[in-house]
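# Results of the structural survey
Okay, here's what each chain looks like letter by letter:
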Amino acid sequence: MAQFQTKKTILDIAPYVPGESKSGSSERLIKISSNEGPFGPSPLAVKAMQEAASDAHRYPDGDATALRQKLAEKNNIDFKNIICGAGSDNIIELLCQAYAGEGDEVLYSQHGFLMYPISAMAFGATPVSAQEKDLTADPQALLDKVNDKTKIVFLANPNNPTGTYWTRDQVTAFHAQLPENVILVLDSAYAEFVDDPNYTAGHDLVEQHDNIVVTRTFSKLYGLGGLRLGWGHACDEIIDILNRIRSPFNVNAIAQAAGVASLEDDAFVEKSISHNKEMRHLMTKELSDLGLSVVPSQGNFIIADFGDEARAEGCRQFLKERNIFVRQIGGYGLPTYLRISMGLKDEMELALEAISAYLKT
Ligand SMILES: Cc1ncc(COP(=O)(O)O)c(C=O)c1O
């Protein structure tokens, strides 16, 4: 019997379950379970990775200087207010590590991204969730849960897995009622896919308010999930604090090179966004026509309600047997739904065909 003891809050963590796939198979797999880009990385990024590979014996630039410069230029923000991470998960963890510990609370919405409670608990804090309304974060319910112990509020905007979002006005109205000592983290992992002009990824708000942080990722639009590359935008003080605690080489050199090249590939970005919009529209319509209730999404995925858990799970299994992998989201409190990421057009057609066949069984 081991004599060492794991911290109680860590023992209570339910491990994150990634989207399912199958490796080592020569058959075609349709993996639409993890909101990954359907086109793979940009060809410019692949070339940059190949070039960077031969320098892999060198430590990376610990400050990710070229990448931060490119991000600053593309987003019209200050270079010094950017921090890069091994995925935006890394920034989420650093924020919890720096600002939430034992006795503190980290607030998020009912169906919010699971890394918020996991990261909060990893650093000893208590995750608190607030009820949603119509599968959308409810500002009043969140505000009702704010108390002296609240240190961070995480809002995925749009949220994964629901795909719902707040407009800029909703964010600013919520922030105006939040105490100034509470940090509002706008997790804008899916910002590029939003087509509502009243939406903001939040960089303009970071410039106005020291207690707003924005996190972004290269895992979705840029198709670089396998490299682990994300970043955060915050005021001088928060960036300084996060830089003190991050590991000095938290972003590897190949990821940095791929990130810079991806940001230069406007054609790839445009193609990915317009393809996503088309697929999201197609899937929403076709699944609705099959009689499923589909939540309008602003992400690169949609969720469809099968009415009961057994029917949803039956469909997931039916698809899996046909090498189509979608996401079960019971862990998000949505066991009657399946989440489907937007893939290539023929992947969507094959998924629709299989779902339609399942619904007839
Ligand atoms: C809302 C949200 N935030 C953050 C992440 C993490 O992304 P990354 O791959 O950059 O760690 C995800 C990934 O699924 C997500 O859905």
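Note that the structure is predicted; figures quoted are calculated from it, not measured.

Moving on, we come to the packing of helix H11 (residues 266-289) against helix H13 (residues 345-360). Any two packed helices are characterised by the angle at which their axes cross and by the distance between the axes. Close contact between H11 and H13 brings their axes to 11 Å; oriented N to C, the two are set at 10 degrees. Looking at the two axes, H11 sits roughly parallel to H13. From H11, His275, Glu278, Met279, Leu282, Met283, Glu286 and Leu287 reach across to H13, where they touch Lys345, Met348, Leu352 and Ile355. Among the residues forming the contact of H11 with H13, the class breakdown is 7 nonpolar, 1 polar and 3 charged.

To continue, consider the sheet that holds strand E15 (residues 337-341). Strand order in this open sheet of 4 strands is E11-E12-E15-E14, and the pairing throughout is antiparallel. Because the sheet does not close on itself, it has two edges, and the strands there are strand E11 (293-294) and strand E14 (327-328). Where E14 lies against E15, 2 bridges are found, and the strand directions are antiparallel. Following the sheet pairing, arginine 327 is matched in E15 by arginine 339. Along the sheet, H11 makes contact with E11, strand E12 (301-305) and E15, crossing E12 at roughly 10 degrees.

Between helix H4 (residues 88-99) and helix H5 (residues 115-122), the shortest axis-to-axis distance is 9 Å and the interhelical angle comes to 40 degrees. With respect to their mutual orientation, H4 and H5 come out oblique. Crossing hand, H4 versus H5: right-handed. Contacts between H4 and H5 pair Asp89, Ile92, Glu93 and Cys96 from the former with Met115, Tyr116, Ser119 and Ala120 from the latter.

Segmenting the protein into domains produces domain 1 (24-40 + 267-360) and domain 2 (43-264). In this structure, domain 1 and domain 2 have C-alpha centres spaced 25 Å apart. The largest per-residue losses of area from domain 1 upon contact with domain 2 belong to Gln298, Phe301 and Tyr332, which jointly make up 34% of the total buried on that side. Counting every contact that joins domain 1 to domain 2 gives 2 salt bridges. Viewed at the interface, domain 2 and domain 1 are joined by 9 residue pairs in polar contact (both at pLDDT 80 or more). When residues of the side of domain 1 that touches domain 2 are assigned to their parent elements, the largest contribution, 7 residues, is made by H11. Looking at the side of domain 1 that touches domain 2 residue by residue, the classes come out as 11 nonpolar, 12 polar and 4 charged.

Okay, the pairing of E12 next. The buried count for E12 comes to 5 of 5 residues, which makes it a mostly enclosed element. Of the strand pairs in this sheet, E11 and E12 are connected by 2 bridges, and their pairing is antiparallel. Its bridge partner being in E12, valine 294 is matched across the sheet by alanine 304. Where E12 and E15 come together, 5 bridges link them in antiparallel fashion. Within the sheet, the bridge partner assigned to phenylalanine 301 lies in E15 and is serine 341.

Right, let's get into the sheet that holds strand E7 (residues 150-156). One open sheet holds the 7 strands; their spatial order is E2-E10-E9-E8-E7-E3-E4, and the pairing between them is mixed. Two strands in the sheet have a free side with no partner beyond their single neighbour: strand E2 (82-85) and strand E4 (126-130). Neighbouring strand axes in the sheet, compared pairwise and without regard to direction, differ in orientation by 25 degrees on average. Alignment of strand E3 (residues 105-109) against E7, held across 3 bridges, turns out to be parallel. Each residue of the ladder has a partner; that of glutamate 105, found in E7, is threonine 150. Helix H3 (residues 65-75) contacts E2, strand E9 (212-217) and strand E10 (230-233) of the sheet and is inclined by roughly 125 degrees relative to E2.

Conventions we followed
Residues numbered from 1 in each chain as written. Predicted model: local features only at pLDDT ≥ 70, side-chain atom pairs only at ≥ 80, totals over all residues. Heavy atoms only, no water. Axes fitted to C-alpha atoms, helices over the stretch in contact; angles between N-to-C directions. Helix = DSSP H or I, 4+ residues; strand = E, 2+ residues; numbered from the N terminus. Parallel < 35°, antiparallel > 145°, perpendicular 65-115°, else oblique. Contact = heavy atoms within 4.5 Å. Nonpolar A, V, L, I, M, F, W, Y, C, P; charged D, E, K, R; others polar. Pairing = 2+ DSSP bridges. Left-handed = near helix turned anticlockwise from the far one by under 90°. Domains from an automatic or database assignment. Buried area = accessible area lost by both parts, 1.4 Å probe. Salt bridge = Lys/Arg side-chain N within 4 Å of Asp/Glu carboxyl O. Polar contact = N/O pair within 3.5 Å; in protein donor to acceptor, adjacent residues only side chain to side chain. Buried < 20%, exposed > 50% of the residue type's maximum accessible area, 1.4 Å probe, protein only.

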